Amino acid sequence: MRLGRAGKWASRLLALPALFVPMAVGCAVSGPTPDEARVFLAGAEERLLTLWVDAERAAWIQSTYITDDTTALSADAQTALIGATMELAAEAARFDALDLPQDLRRKLLRLKTSLGVAAPSDPVLQAELSQITTGLESTYGRGTYCPGGPGEACLSLPEMERTFAESRDTDALLDLWTGWRAVAPPMRDQYTRFVELANAGARDLGFADLGELWRSGYDMPPDEFTLELERLWDQVRPLYTSLHCHVRAKLAEEYGSAVVPPDEPIPAHLLGNMWSQTWANVYDLVGPARSDPGYDLTDLLNARRVDELEMVRYGERFFSSLGFDPLPPTFWERSLFLQPVDRDVVCHASAWDLDYESDVRIKMCIGVNDEDFVTIHHELGHNYYQRAYQAQSPLFRTSANDGFHEGIGDTIALSITPEYLAEVGLLARVPPADRDLGLLLRSALDKVAFLPFGLMVDQWRWKVFAGEITPEAYNQGWWDLRTEYQGVGAPVPRSEADFDPGAKYHIPANTSYTRYFLAHILQFQFHRALCDAAGFEGPLHRCSIFGSDEAGTRLNTMLEMGASQPWPDALEVMTGQREMDATAILDYFAPLQTWLDEQNTPRSCGW
Ligand code: X8Z
Ligand code: ZN
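Residues numbered from 1 in each chain as written. Chains lettered and ligands numbered in written order. Predicted model: local features only at pLDDT ≥ 70, side-chain atom pairs only at ≥ 80, totals over all residues. Heavy atoms only, no water.

## A few points about the coordination of the zinc ion (ligand 2)
Metal coordination angles in their ideal form are 109.5 degrees for the four-donor tetrahedron and 90 or 180 degrees for the six-donor octahedron.
Thought 1: With distances of 2.0 to 2.1 Å, the protein atoms coordinating the zinc ion (ligand 2) are H378 (NE2), H382 (NE2) and E406 (OE).
Thought 2: Geometry at the zinc ion (ligand 2) is tetrahedral, judged from its four donor atoms and the angles of 90 to 132 degrees they form at the metal.
Thought 3: Each donor residue of the zinc ion (ligand 2) belongs to the same chain, with the gaps between them written as H-x3-H-x23-E. With H378 and H382 both in helix α14 (residues 370-388), this residue pair falls four residues apart, about one helical turn. (Donors = N, O, S within 2.8 Å, 3.2 Å for Na, K, Ca; no water. Tetrahedral: all angles 85-135°; square planar, octahedral: opposite > 155°, others 65-115°. Helix = DSSP H or I, 4+ residues; strand = E, 2+ residues; numbered from the N terminus.)

## Description of the pattern of salt bridges
Thought 1: Using the criterion set out here, one finds 33 salt bridges in the structure.
Thought 2: The partner of E371 in a salt bridge is R162, with the nearest N and O atoms 3.9 Å apart. Of this pair, E371 sits in helix α14 while R162 is found in helix α5 (residues 157-166), placing the two residues 209 residues apart along the sequence.
Thought 3: For R162, a relative accessible area of 25% corresponds to the partly exposed category.
Thought 4: Here R461 and D458 are joined by a salt bridge, their closest N and O atoms 2.8 Å apart. Here the residue R461 and the residue D458 both occupy positions in helix α17 (residues 436-465), the gap between them amounting to three residues, near one helical turn.
Thought 5: Judged by its relative accessible area of 1%, D458 is buried.
Thought 6: Several salt bridges converge on common partners, so that one network encompasses E128, R193 and E196. (Salt bridge = Lys/Arg side-chain N within 4 Å of Asp/Glu carboxyl O. Buried < 20%, exposed > 50% of the residue type's maximum accessible area, 1.4 Å probe, protein only.)

## Let's talk about the site of ligand 1
Thought 1: Surveying the vicinity of ligand 1 reveals 13 residues, the closest of which are Q277, H348, K504, H506 and Y513.
Thought 2: For ligand 1, an oxygen atom lies 3.1 Å from a polar atom in the side chain of Q277.
Thought 3: Contact with the protein chains removes 88% of the 360 Å² of surface that ligand 1 exposes when unbound.
Thought 4: Here the shell around ligand 1 gets three residues from one element, more than from any other, and that element is α14.
Thought 5: Along the lines of polarity and charge, the residues of the shell around ligand 1 split into four nonpolar, six polar and three charged. (Near = heavy atom within 4 Å. Polar contact = N/O pair within 3.5 Å; in protein donor to acceptor, adjacent residues only side chain to side chain. Areas by Shrake-Rupley, 256 points an atom, 1.4 Å probe, with all protein chains shown as cover. Nonpolar A, V, L, I, M, F, W, Y, C, P; charged D, E, K, R; others polar.)

## Concerning the confidence of the model for the protein
Caution applies to low-pLDDT regions: their predicted coordinates should not be interpreted in detail.
Thought 1: Looking at the protein as a whole, its pLDDT mean stands at 94, while 95% of the residues score no less than 70.
Thought 2: Low confidence marks residues 4-27, where pLDDT is under 50. Its contacts with residues over four positions away, or in another chain, come to 82 contacts. (pLDDT = per-residue confidence, 0-100. Contact = heavy atoms within 4.5 Å.)

## Observations concerning the packing of aromatic side chains
Thought 1: A complete count under the given rule lists 41 aromatic pairs for this structure.
Thought 2: Ring plane angle 85 degrees and centroid distance 5.6 Å describe the contact between F453 and Y513, whose orientation is recorded as edge-to-face. You can see F453 sitting in helix α17 and its partner Y513 sitting in the loop between β6 (488-489) and α19 (514-533), a full 60 residues away along the chain.
Thought 3: Here the aromatic residues Y191, F194, W214, W460, F465, Y474, W478 and F499 are joined through ring pairs into a cluster of three or more.
Thought 4: The cationic tip of K107 hangs over the ring face of F396; the distance from NZ or CZ to the ring centre is 5.2 Å.
Thought 5: Above the plane of the ring of W462 lies R215, whose end atom (NZ or CZ) is 4.7 Å from the centre. (Phe/Tyr/Trp six-rings, centres within 6.5 Å; stacked < 30°, edge-to-face > 60°. Lys NZ or Arg CZ within 6 Å of the ring centre and 35° of its normal.)

In structure tokens form, the structure reads like this:
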């Protein structure tokens, strides 16, 4: 399975009739039995596994060599998988009323919810849907912006992202901000059709719409999950609002209040990131003058001449230090680490497990910088999770919930502390404790700034799937939510001729996004628990679990479980807690909250 995308499953067309129901011979009234359910699921898993692998191979080739042909072949594999999964899910309905052991009940639900997309039963519509989804991803992957016009030199997305990280020239930033977004309007009609088809499929599976299908993967009723998200957001919102207030004030000092007006959303092109989802790239504009940590990881990597591959080796060595086996030779032979010069690829980072066993890979267009150093750890977290649960039966070869999958590598990356960098020879001197505020602020610009973005992307999609945001209001609905949650606004007027959601990878790639919000809460819980296991004493932002067998064992115990148990059980194994809990992230940033409150005293906050 691929992470970084919805677990889209497709299978070759089946030989079995769609509703083949074996009947017990010689019984007048014969309902299905638990044994029949077990046999059915074993057959389904075997068949799906083959189809998943087929679809993954086709998708890998599509993503690493985008052409019309590879896109079409990937769509075919996807159509086959969707067809089989929908058919199996329909067959499985006969076990709905049966009293089943927990593992079988879980597998039946997984059969339905693990589809990132559902489709109507008509094979023609299934093919149409697959062509749309694969086509959208290829369109995104091929996207460039040519500032001089068509035929002139073009910029790739990673190139534009570097300028966003480094430039303070508002005109240049605005030009790239609008230029990149031209990739998306051609997706708009296709996205509208995608919503129609996928919703029809979700309804066939018994869900109100695709959003409800997605929300049903969390071991609780979907409405309860929505409330759970609100609860977590309410816990962290005050910290976000304080950070927003400080950042807006400092940006206003830099750019002037005509560009960054008080009491209004922050213009989206000024936060150091194409989507304003993380803000650490503007640290130099907003950091505390006397508490700078005194080092910059990008500079350290460059000074030590660490290249892209060596960055991945640092990641592998971290996991090895926890007791995990080294990555297999095939990982190094088959991964894509660099952006090829001669063909289009989907540069958005992802982690793959092509055979659902050991053929793990990452796909990234790595740049030598701090962001990509962390992203490498993020992706490797997926790969080590995939390897850890490979002994589970196929429907359980995924994480406890999708937030867990996204949170593992990030948890490891929280251990990239100054102490760790010194231990591995990247940093000469560990900054003293009086520099902690700078460290915490830099981290918050990534982790805290991300939270409302992590939430709003699916708030938009869920409303779209539910018909509350209609195609005529796609863009307006997007910016309403950007404003409401993030306090970030479009720097130039937008209209329904635009389709700004489509310029964010996970919309064309149909990857659910709430997983990242959950991961940003969970990773601090995981980190706290693993630091505890490692016997660390001191502030959590100075804790690195590098080299701790105890932490590694604790982590592995949870990873091995895959999705075989409800996520609260998995969480308990790792942390002793059964609830997702934002107190870990709040504790981590508590000294920063105090400092932000002081800074913000004379300011008017909010938007
Ligand atoms: O998409 C990703 C990963 C792949 S699963 C690179 N992330 C989200 C994003 O880039 O928007 C990681 C954090 C959020
Ligand atoms: Zn990920």
